[in-house]
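Close look at the chain arrangement
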Amino acid sequence: MANHVVDASFTKRLPKVELHAHLTGSISVLTLHEIWKTRKAADAAFSMQDPLVALPLDKVSYDIVSFFPLFDSYIYDLCSSLSAIRFATEQVLRDFQADGVRYLELRTTPRENTLQGVTKELYVSTVLDVIDSFSHQQTEMSTYLIISVDRRNILEQAMQAVDLAIQFQNRGVVGVDLCGNPAKGDVSIFREVFDKAKAAGLKITLHFAEIPESSTREELRTLLSYEPDRLGHVVNVPDDIRDEIVSRQKDIGLELCMSCNVHAKMIPGSFGDHHFGYYWKDTQCSISLCTDDVGIFQSSVSNEYLLAAKHFGLGRDDLAKLSRRAVDSIFGGEAEKDRMRKLLSAFEKKEL
Ligand SMILES: CNc1ncnc2c1ncn2[C@@H]1O[C@H](COP(=O)(O)O)[C@@H](O)[C@H]1O
(Lines give C-alpha, C1' and ligand atoms only; values in the text may rest on other atoms or scores of the structure.)
Protein backbone atom coordinates (compact mmCIF):
# COMPACT_ATOMS: atom_id res chain seq x y z
CA MET A 1 0.00 0.00 0.00
CA ALA A 2 3.02 2.30 0.54
CA ASN A 3 3.09 3.22 -3.13
CA HIS A 4 -0.53 4.25 -3.31
CA VAL A 5 -0.96 7.60 -4.92
CA VAL A 6 -1.07 10.65 -2.67
CA ASP A 7 -4.25 12.66 -3.09
CA ALA A 8 -6.06 15.46 -1.26
CA SER A 9 -8.17 13.00 0.66
CA PHE A 10 -5.05 11.24 2.00
CA THR A 11 -3.31 14.44 3.11
CA LYS A 12 -6.52 15.57 4.80
CA ARG A 13 -6.88 12.28 6.70
CA LEU A 14 -3.21 12.34 7.76
CA PRO A 15 -3.04 13.61 11.38
CA LYS A 16 -1.05 16.83 11.19
CA VAL A 17 0.36 19.54 13.39
CA GLU A 18 0.21 23.22 12.45
CA LEU A 19 2.83 25.31 14.23
CA HIS A 20 2.95 28.57 12.29
CA ALA A 21 -0.49 30.10 11.83
CA HIS A 22 -1.17 33.79 12.47
CA LEU A 23 -4.69 34.02 13.87
CA THR A 24 -5.82 37.09 11.91
CA GLY A 25 -4.21 35.83 8.71
CA SER A 26 -5.95 32.48 9.14
CA ILE A 27 -9.47 33.93 8.99
CA SER A 28 -11.04 32.76 5.75
CA VAL A 29 -12.50 35.30 3.34
CA LEU A 30 -15.92 33.69 3.85
CA THR A 31 -15.67 34.21 7.61
CA LEU A 32 -14.60 37.83 7.05
CA HIS A 33 -17.59 38.19 4.75
CA GLU A 34 -19.92 36.90 7.51
CA ILE A 35 -18.47 39.49 9.91
CA TRP A 36 -18.91 42.19 7.27
CA LYS A 37 -22.56 41.15 6.68
CA THR A 38 -23.34 41.32 10.40
CA ARG A 39 -21.86 44.79 10.65
CA LYS A 40 -23.63 45.96 7.52
CA ALA A 41 -27.00 44.68 8.83
CA ALA A 42 -26.47 46.49 12.14
CA ASP A 43 -25.39 49.81 10.63
CA ALA A 44 -26.59 51.11 7.26
CA ALA A 45 -23.78 53.68 7.22
CA PHE A 46 -21.10 50.97 7.56
CA SER A 47 -18.91 51.62 4.52
CA MET A 48 -16.09 49.08 4.54
CA GLN A 49 -15.59 47.13 1.34
CA ASP A 50 -16.99 43.59 1.22
CA PRO A 51 -14.12 41.10 1.87
CA LEU A 52 -15.24 39.16 -1.21
CA VAL A 53 -14.25 42.26 -3.19
CA ALA A 54 -11.27 43.41 -1.10
CA LEU A 55 -9.71 39.93 -0.92
CA PRO A 56 -10.95 38.10 -4.05
CA LEU A 57 -11.06 34.33 -3.53
CA ASP A 58 -9.01 33.69 -6.66
CA LYS A 59 -6.20 36.04 -5.64
CA VAL A 60 -3.28 34.59 -3.67
CA SER A 61 -0.34 36.56 -5.00
CA TYR A 62 0.24 39.37 -2.53
CA ASP A 63 3.84 40.51 -2.57
CA ILE A 64 5.60 41.35 0.65
CA VAL A 65 4.89 45.08 0.15
CA SER A 66 1.13 44.77 -0.40
CA PHE A 67 0.71 41.98 2.16
CA PHE A 68 1.26 43.67 5.54
CA PRO A 69 -1.08 46.65 4.94
CA LEU A 70 -3.94 44.17 4.46
CA PHE A 71 -3.96 43.79 8.23
CA ASP A 72 -3.34 47.36 9.37
CA SER A 73 -5.64 49.05 6.91
CA TYR A 74 -8.43 46.51 6.50
CA ILE A 75 -8.75 43.21 8.44
CA TYR A 76 -8.05 44.69 11.90
CA ASP A 77 -10.71 47.35 11.34
CA LEU A 78 -13.22 44.79 10.17
CA CYS A 79 -12.56 42.46 13.14
CA SER A 80 -12.29 45.07 15.86
CA SER A 81 -15.13 44.09 18.19
CA LEU A 82 -14.98 41.32 20.77
CA SER A 83 -17.83 39.50 19.07
CA ALA A 84 -15.98 39.54 15.73
CA ILE A 85 -12.78 38.31 17.42
CA ARG A 86 -14.73 35.49 19.09
CA PHE A 87 -16.52 34.47 15.91
CA ALA A 88 -13.37 34.62 13.78
CA THR A 89 -11.29 32.61 16.26
CA GLU A 90 -13.92 29.88 16.50
CA GLN A 91 -14.18 29.62 12.70
CA VAL A 92 -10.39 29.43 12.39
CA LEU A 93 -10.30 26.54 14.88
CA ARG A 94 -13.11 24.75 13.01
CA ASP A 95 -11.29 25.19 9.69
CA PHE A 96 -8.04 23.70 11.00
CA GLN A 97 -9.87 20.81 12.64
CA ALA A 98 -11.80 20.05 9.45
CA ASP A 99 -8.49 19.95 7.56
CA GLY A 100 -7.19 17.12 9.74
CA VAL A 101 -5.03 19.22 12.04
CA ARG A 102 -4.82 17.36 15.35
CA TYR A 103 -2.45 19.70 17.18
CA LEU A 104 -2.48 23.45 16.62
CA GLU A 105 -0.32 26.29 17.86
CA LEU A 106 -2.04 29.49 16.90
CA ARG A 107 -0.18 32.76 17.27
CA THR A 108 -1.47 36.27 17.63
CA THR A 109 -0.30 39.80 18.37
CA PRO A 110 -2.13 41.37 21.34
CA ARG A 111 -4.04 44.38 20.04
CA GLU A 112 -6.28 46.99 21.55
CA ASN A 113 -9.16 49.08 20.31
CA THR A 114 -10.15 51.91 22.60
CA LEU A 115 -13.41 52.64 20.76
CA GLN A 116 -14.54 49.04 21.20
CA GLY A 117 -13.28 48.86 24.79
CA VAL A 118 -10.83 46.10 23.86
CA THR A 119 -7.56 46.08 25.79
CA LYS A 120 -4.64 43.81 24.87
CA GLU A 121 -5.37 41.73 27.97
CA LEU A 122 -9.03 41.37 27.03
CA TYR A 123 -8.05 40.46 23.47
CA VAL A 124 -5.77 37.63 24.62
CA SER A 125 -8.20 36.35 27.24
CA THR A 126 -11.02 36.36 24.68
CA VAL A 127 -8.98 34.29 22.21
CA LEU A 128 -8.12 31.89 25.06
CA ASP A 129 -11.79 31.66 26.10
CA VAL A 130 -12.70 30.55 22.58
CA ILE A 131 -9.84 28.03 22.48
CA ASP A 132 -10.96 26.71 25.85
CA SER A 133 -14.56 26.36 24.85
CA PHE A 134 -13.58 24.68 21.55
CA SER A 135 -11.39 22.21 23.46
CA HIS A 136 -14.42 21.28 25.56
CA GLN A 137 -16.61 20.75 22.48
CA GLN A 138 -14.29 18.22 20.86
CA THR A 139 -11.21 16.18 21.70
CA GLU A 140 -9.75 15.65 18.22
CA MET A 141 -7.59 18.77 18.11
CA SER A 142 -5.50 20.30 20.91
CA THR A 143 -4.82 24.02 20.61
CA TYR A 144 -2.23 26.23 22.28
CA LEU A 145 -1.43 29.91 21.88
CA ILE A 146 1.80 31.76 21.05
CA ILE A 147 1.95 35.50 21.71
CA SER A 148 3.57 37.54 18.94
CA VAL A 149 5.87 40.50 19.40
CA ASP A 150 5.71 42.79 16.35
CA ARG A 151 9.06 43.92 14.93
CA ARG A 152 7.73 47.49 14.97
CA ASN A 153 7.22 47.35 18.75
CA ILE A 154 9.23 49.57 21.02
CA LEU A 155 10.77 47.72 23.94
CA GLU A 156 7.91 48.60 26.29
CA GLN A 157 5.26 47.17 23.92
CA ALA A 158 7.27 44.00 23.36
CA MET A 159 7.69 43.58 27.11
CA GLN A 160 3.93 44.02 27.56
CA ALA A 161 3.34 41.19 25.07
CA VAL A 162 5.70 38.89 26.99
CA ASP A 163 4.09 39.85 30.29
CA LEU A 164 0.73 38.84 28.84
CA ALA A 165 2.22 35.57 27.65
CA ILE A 166 3.47 34.92 31.20
CA GLN A 167 0.16 36.01 32.76
CA PHE A 168 -1.74 33.52 30.59
CA GLN A 169 0.80 30.69 30.65
CA ASN A 170 -1.50 28.64 32.87
CA ARG A 171 -4.26 28.99 30.26
CA GLY A 172 -2.38 27.50 27.34
CA VAL A 173 0.12 30.11 26.19
CA VAL A 174 3.23 28.11 25.32
CA GLY A 175 5.53 30.53 23.57
CA VAL A 176 6.50 33.92 22.20
CA ASP A 177 7.03 34.80 18.54
CA LEU A 178 8.74 37.66 16.72
CA CYS A 179 6.85 38.58 13.56
CA GLY A 180 5.67 41.56 11.52
CA ASN A 181 6.91 43.36 8.45
CA PRO A 182 10.53 42.22 8.01
CA ALA A 183 11.41 45.54 6.36
CA LYS A 184 10.76 47.32 9.67
CA GLY A 185 12.25 47.46 13.12
CA ASP A 186 15.51 46.66 14.86
CA VAL A 187 15.48 43.17 16.34
CA SER A 188 18.49 43.82 18.56
CA ILE A 189 16.36 45.80 21.03
CA PHE A 190 14.45 42.68 22.11
CA ARG A 191 17.15 40.75 24.00
CA GLU A 192 15.69 41.27 27.48
CA VAL A 193 12.21 40.48 26.15
CA PHE A 194 13.20 37.02 24.97
CA ASP A 195 15.41 36.47 28.03
CA LYS A 196 12.39 37.13 30.22
CA ALA A 197 10.19 34.78 28.18
CA LYS A 198 12.80 32.01 28.38
CA ALA A 199 13.29 32.51 32.12
CA ALA A 200 9.53 32.08 32.58
CA GLY A 201 9.64 28.74 30.76
CA LEU A 202 8.06 29.97 27.53
CA LYS A 203 9.37 28.67 24.21
CA ILE A 204 10.64 31.02 21.53
CA THR A 205 9.99 31.07 17.79
CA LEU A 206 11.35 33.78 15.52
CA HIS A 207 10.58 34.84 11.95
CA PHE A 208 13.96 34.40 10.35
CA ALA A 209 15.52 35.66 7.10
CA GLU A 210 12.23 36.37 5.33
CA ILE A 211 13.60 39.00 2.95
CA PRO A 212 17.16 40.06 2.06
CA GLU A 213 16.87 43.26 4.18
CA SER A 214 16.14 41.20 7.30
CA SER A 215 18.84 38.64 6.53
CA THR A 216 22.07 40.43 7.30
CA ARG A 217 24.57 38.24 9.16
CA GLU A 218 24.28 40.68 12.05
CA GLU A 219 20.49 40.31 12.32
CA LEU A 220 20.55 36.54 11.93
CA ARG A 221 23.32 36.14 14.53
CA THR A 222 21.39 38.37 16.93
CA LEU A 223 18.26 36.27 16.46
CA LEU A 224 20.16 33.01 16.99
CA SER A 225 21.68 34.45 20.17
CA TYR A 226 18.11 34.64 21.60
CA GLU A 227 18.25 30.82 21.63
CA PRO A 228 15.08 30.16 19.66
CA ASP A 229 13.39 26.78 19.86
CA ARG A 230 12.03 27.19 16.35
CA LEU A 231 12.59 29.44 13.34
CA GLY A 232 9.97 30.46 10.80
CA HIS A 233 10.47 30.75 7.02
CA VAL A 234 14.36 30.57 6.96
CA VAL A 235 14.46 31.84 3.38
CA ASN A 236 17.58 33.94 2.75
CA VAL A 237 20.04 32.11 4.96
CA PRO A 238 23.77 32.26 4.10
CA ASP A 239 25.45 28.83 3.98
CA ASP A 240 27.48 29.21 7.18
CA ILE A 241 24.42 30.20 9.21
CA ARG A 242 22.39 27.43 7.58
CA ASP A 243 25.10 24.95 8.63
CA GLU A 244 24.95 26.30 12.16
CA ILE A 245 21.16 25.81 12.27
CA VAL A 246 21.53 22.28 10.95
CA SER A 247 24.21 21.54 13.55
CA ARG A 248 21.71 22.64 16.22
CA GLN A 249 18.93 20.51 14.72
CA LYS A 250 18.15 18.81 18.03
CA ASP A 251 17.30 22.21 19.53
CA ILE A 252 15.83 24.19 16.63
CA GLY A 253 12.74 23.18 14.65
CA LEU A 254 11.87 24.78 11.31
CA GLU A 255 8.47 26.12 10.32
CA LEU A 256 8.35 26.17 6.52
CA CYS A 257 5.60 28.02 4.67
CA MET A 258 5.82 27.02 1.00
CA SER A 259 2.72 28.64 -0.45
CA CYS A 260 3.32 31.91 1.37
CA ASN A 261 6.94 32.04 0.17
CA VAL A 262 6.01 31.22 -3.42
CA HIS A 263 2.95 33.45 -3.71
CA ALA A 264 4.61 36.41 -1.97
CA LYS A 265 7.67 35.87 -4.20
CA MET A 266 9.95 35.51 -1.21
CA ILE A 267 11.90 32.81 -3.05
CA PRO A 268 13.09 32.87 -6.65
CA GLY A 269 11.28 30.27 -8.74
CA SER A 270 8.39 28.13 -7.60
CA PHE A 271 7.45 25.22 -5.34
CA GLY A 272 10.12 22.84 -6.65
CA ASP A 273 12.79 25.43 -5.80
CA HIS A 274 11.69 25.80 -2.18
CA HIS A 275 14.28 25.11 0.53
CA PHE A 276 11.92 22.49 1.97
CA GLY A 277 13.65 20.09 -0.45
CA TYR A 278 17.05 20.68 1.14
CA TYR A 279 15.91 20.38 4.76
CA TRP A 280 13.78 17.29 4.00
CA LYS A 281 16.41 15.37 2.06
CA ASP A 282 19.76 16.53 3.41
CA THR A 283 19.10 17.10 7.12
CA GLN A 284 17.30 15.52 10.03
CA CYS A 285 15.86 18.87 11.21
CA SER A 286 12.38 18.86 12.67
CA ILE A 287 10.38 20.43 9.84
CA SER A 288 6.75 21.46 9.97
CA LEU A 289 4.83 22.46 6.89
CA CYS A 290 2.78 25.49 7.84
CA THR A 291 0.16 27.76 6.32
CA ASP A 292 1.30 31.11 7.79
CA ASP A 293 -1.88 32.89 6.67
CA VAL A 294 -4.32 30.44 5.12
CA GLY A 295 -6.98 33.17 4.85
CA ILE A 296 -4.75 35.10 2.46
CA PHE A 297 -2.71 32.43 0.66
CA GLN A 298 -5.64 29.97 0.58
CA SER A 299 -3.54 26.87 1.01
CA SER A 300 -4.55 24.58 3.89
CA VAL A 301 -2.09 22.41 5.82
CA SER A 302 -3.27 19.33 3.92
CA ASN A 303 -2.61 21.19 0.68
CA GLU A 304 0.94 22.00 1.83
CA TYR A 305 1.49 18.24 2.31
CA LEU A 306 0.04 17.63 -1.13
CA LEU A 307 2.41 20.21 -2.62
CA ALA A 308 5.36 18.48 -0.90
CA ALA A 309 4.25 15.21 -2.47
CA LYS A 310 3.79 16.75 -5.89
CA HIS A 311 6.96 18.83 -6.11
CA PHE A 312 9.39 16.71 -4.09
CA GLY A 313 8.15 13.21 -4.84
CA LEU A 314 7.05 12.29 -1.31
CA GLY A 315 4.94 9.15 -1.06
CA ARG A 316 2.35 8.27 1.56
CA ASP A 317 4.91 6.87 3.99
CA ASP A 318 7.17 9.93 3.52
CA LEU A 319 4.27 12.24 4.37
CA ALA A 320 3.56 10.31 7.56
CA LYS A 321 7.30 10.60 8.42
CA LEU A 322 7.15 14.32 7.69
CA SER A 323 4.21 14.74 10.05
CA ARG A 324 6.21 12.86 12.72
CA ARG A 325 9.20 15.13 12.15
CA ALA A 326 7.04 18.15 12.89
CA VAL A 327 5.84 16.65 16.18
CA ASP A 328 9.40 16.71 17.54
CA SER A 329 9.37 20.50 17.89
CA ILE A 330 5.90 21.22 19.28
CA PHE A 331 5.78 23.46 22.35
CA GLY A 332 2.91 21.67 24.11
CA GLY A 333 5.00 19.09 26.00
CA GLU A 334 5.64 15.36 26.03
CA ALA A 335 2.03 14.25 26.58
CA GLU A 336 0.97 16.06 23.40
CA LYS A 337 3.90 14.55 21.50
CA ASP A 338 2.84 11.08 22.69
CA ARG A 339 -0.76 11.74 21.68
CA MET A 340 0.27 12.80 18.17
CA ARG A 341 2.68 9.88 17.75
CA LYS A 342 -0.07 7.44 18.77
CA LEU A 343 -2.47 9.03 16.28
CA LEU A 344 0.18 8.68 13.57
CA SER A 345 0.92 5.06 14.49
CA ALA A 346 -2.78 4.18 14.27
CA PHE A 347 -3.02 6.01 10.95
CA GLU A 348 0.05 4.27 9.52
CA LYS A 349 -1.28 0.88 10.59
CA LYS A 350 -4.56 1.52 8.86
CA GLU A 351 -3.45 3.39 5.75
CA LEU A 352 0.13 2.45 4.81
C1 LIG B 1 5.07 36.63 5.32
N2 LIG B 1 4.54 36.17 6.55
C3 LIG B 1 4.58 36.89 7.70
N4 LIG B 1 5.76 37.40 8.15
C5 LIG B 1 5.80 38.16 9.27
N6 LIG B 1 4.71 38.45 10.00
C7 LIG B 1 3.53 37.97 9.59
C8 LIG B 1 3.41 37.17 8.43
N9 LIG B 1 2.12 36.86 8.27
C10 LIG B 1 1.45 37.44 9.29
N11 LIG B 1 2.30 38.13 10.08
C12 LIG B 1 1.99 38.93 11.27
O13 LIG B 1 0.77 38.47 11.83
C14 LIG B 1 -0.17 39.53 11.94
C15 LIG B 1 -1.57 38.99 11.69
O16 LIG B 1 -1.96 38.07 12.70
P17 LIG B 1 -2.26 38.48 14.20
O18 LIG B 1 -2.95 39.82 14.21
O19 LIG B 1 -0.97 38.51 14.93
O20 LIG B 1 -3.19 37.40 14.70
C21 LIG B 1 0.28 40.53 10.88
O22 LIG B 1 -0.13 41.83 11.18
C23 LIG B 1 1.81 40.40 10.91
O24 LIG B 1 2.36 41.18 11.93
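Residues numbered from 1 in each chain as written. Predicted model: local features only at pLDDT ≥ 70, side-chain atom pairs only at ≥ 80, totals over all residues. Heavy atoms only, no water.

To be explicit about the condition: UniProt positions are given in the numbering used here, feature names are shortened, and annotations may be inferred rather than shown by experiment.
If you check an unreviewed UniProt entry, the protein appears there as Adenosine deaminase from Podospora didyma. Note on the protein: under the UniProt heading Cofactor (unreviewed entry), the record states "Zn(2+)".

**Let's talk about the overall build of the protein**
Short version of the rule: A helix here means a DSSP run of H or I that spans at least four residues, while a strand means a run of E at least two residues long, and both kinds are numbered starting from the N terminus. Only protein chains enter the accessibility calculation, which uses a 1.4 Å probe; a residue whose area is less than 20% of its type maximum is buried, one above 50% is exposed, and one in between is partly exposed. In these tables, accessible area is a Shrake-Rupley quantity obtained with a 1.4 Å probe, and a residue counts as shielded only by the protein chains included in the view. When charges are tallied, Lys and Arg are placed among the positive residues and Asp and Glu among the negative ones, while His and the ends of the chain are skipped. For the purpose of locating charges, the reference atoms are NZ of Lys, CZ of Arg, CG of Asp and CD of Glu.
Check the secondary structure of the protein and you find 17 helices and eight strands. Over its C-alpha atoms, taken along the principal directions, the protein stretches across nearly 60 × 45 × 40 Å. Each of the 352 residues in the protein was classed as buried or not, and the buried ones make up 57%. With an accessible surface of roughly 14500 Å², the protein has 51% of that area assigned to carbon and sulfur atoms. One way to put it: in the protein the 40 positive side-chain charges average out to a point 4 Å from where the 50 negative ones average out.

**Some words on the site of the ligand**
Stated precisely, the cut-off is as follows: The near set for a molecule or strand comprises every residue that places at least one heavy atom within 4 Å of it. Within 3.5 Å is the distance limit for a polar contact, defined as a pair of N or O atoms, with the added protein rule that one can donate a hydrogen and the other accept it, and that residues adjacent in sequence qualify only through two side-chain atoms. Put simply, Ala, Val, Leu, Ile, Met, Phe, Trp, Tyr, Cys and Pro go in the nonpolar bin, Asp, Glu, Lys and Arg in the charged bin, and everything else, Gly too, in the polar bin.
The ligand sits among 19 residues. The nearest are Y76, T108, T109, E210 and D293. In the environment of the ligand, a nitrogen atom lies 3.0 Å from a nitrogen or oxygen atom belonging to the backbone of G180. A distance of 2.7 Å separates a nitrogen atom of the ligand from a polar atom in the side chain of E210. Of all the secondary-structure elements, those providing two or more residues to the shell around the ligand are helix 5 (69-78) and strand 2 (101-108). Here the shell around the ligand is built from residues that sort into seven nonpolar, seven polar and five charged.

**Let's talk about the state of the cysteines**
The test is simple: Counting rule for disulfides: a pair of cysteine sulfur atoms within 2.5 Å.
Applying the stated rule across the entire model yields zero disulfides. Cysteine C179 remains unbridged, with the sulfur of C257 as its closest cysteine sulfur at 12 Å. Left unpaired, C260 is separated from the closest cysteine sulfur, that of C257, by 5.7 Å. Judged by relative accessible area, C260 falls into the buried class, the value being 3%.

**Details of helix 5**
Just so we agree on the cut-off: For this quantity, the arc is that covered by the directions from the helix axis to the C-beta atoms. The criterion used for residue contact is that any of the two residues' heavy atoms lie within 4.5 Å.
All of the buried residues along helix 5 are L70, F71, Y74, I75 and L78. End-on view of helix 5: buried residues confined to an arc of 130°, all on one side of the axis. Taken together, the buried residues of helix 5 touch helix 2 (29-42), helix 3 (51-54), helix 4 (64-67), helix 6 (82-98) and helix 14 (294-297).

**Observations regarding the UniProt feature "domain: Adenosine deaminase" (unreviewed entry) in the protein**
Residues annotated in UniProt with the feature "domain: Adenosine deaminase" (unreviewed entry) correspond here to residues 15-343. The straight-line gap between the two end C-alpha atoms of residues 15-343 is 7 Å; of that span, 48% is helix and 15% is strand.

**With respect to the pattern of salt bridges**
The cut-off we apply is this: In the sections that follow, a salt bridge refers to a side-chain nitrogen of Lys or Arg positioned within 4 Å of a carboxyl oxygen of Asp or Glu.
On inspection of all chains with the given rule, the structure shows 22 salt bridges. Residue R230 is joined to E105 by a salt bridge in which the shortest nitrogen-to-oxygen separation is 2.7 Å. Note that R230 is positioned in strand 6 (residues 230-233) and E105 in strand 2, a separation of 125 residues in sequence. Note that D163 and K196 form a salt bridge whose closest N and O atoms lie 2.8 Å from each other. Placement of D163 in helix 8 (residues 155-167) and of K196 in helix 9 (residues 191-199) is noted, with a sequence separation of 33 residues between them. For D163, a relative accessible area of 34% corresponds to the partly exposed category. Under the relative-accessibility criterion, K196 is labelled partly exposed at 35%.

**Let's talk about the side chain of N181**
With respect to the helices, strands and loops of the structure, N181 is situated in the loop between strand 4 (173-179) and helix 9. Here N181 falls in the buried class, since its relative accessible area comes to 16%. A polar contact is formed between the side chain of N181 and the backbone nitrogen of A183, at a distance of 2.9 Å. Among residues more than four places away in sequence, those in contact with N181 are F68 and R151.

**Some points on the side chain of T283**
Summarising the element assignment, T283 is placed in the loop between helix 13 (276-282) and strand 8 (287-289). Among the polar contacts made by the side chain of T283, one reaches the main-chain amide nitrogen of C285 at a distance of 3.2 Å.

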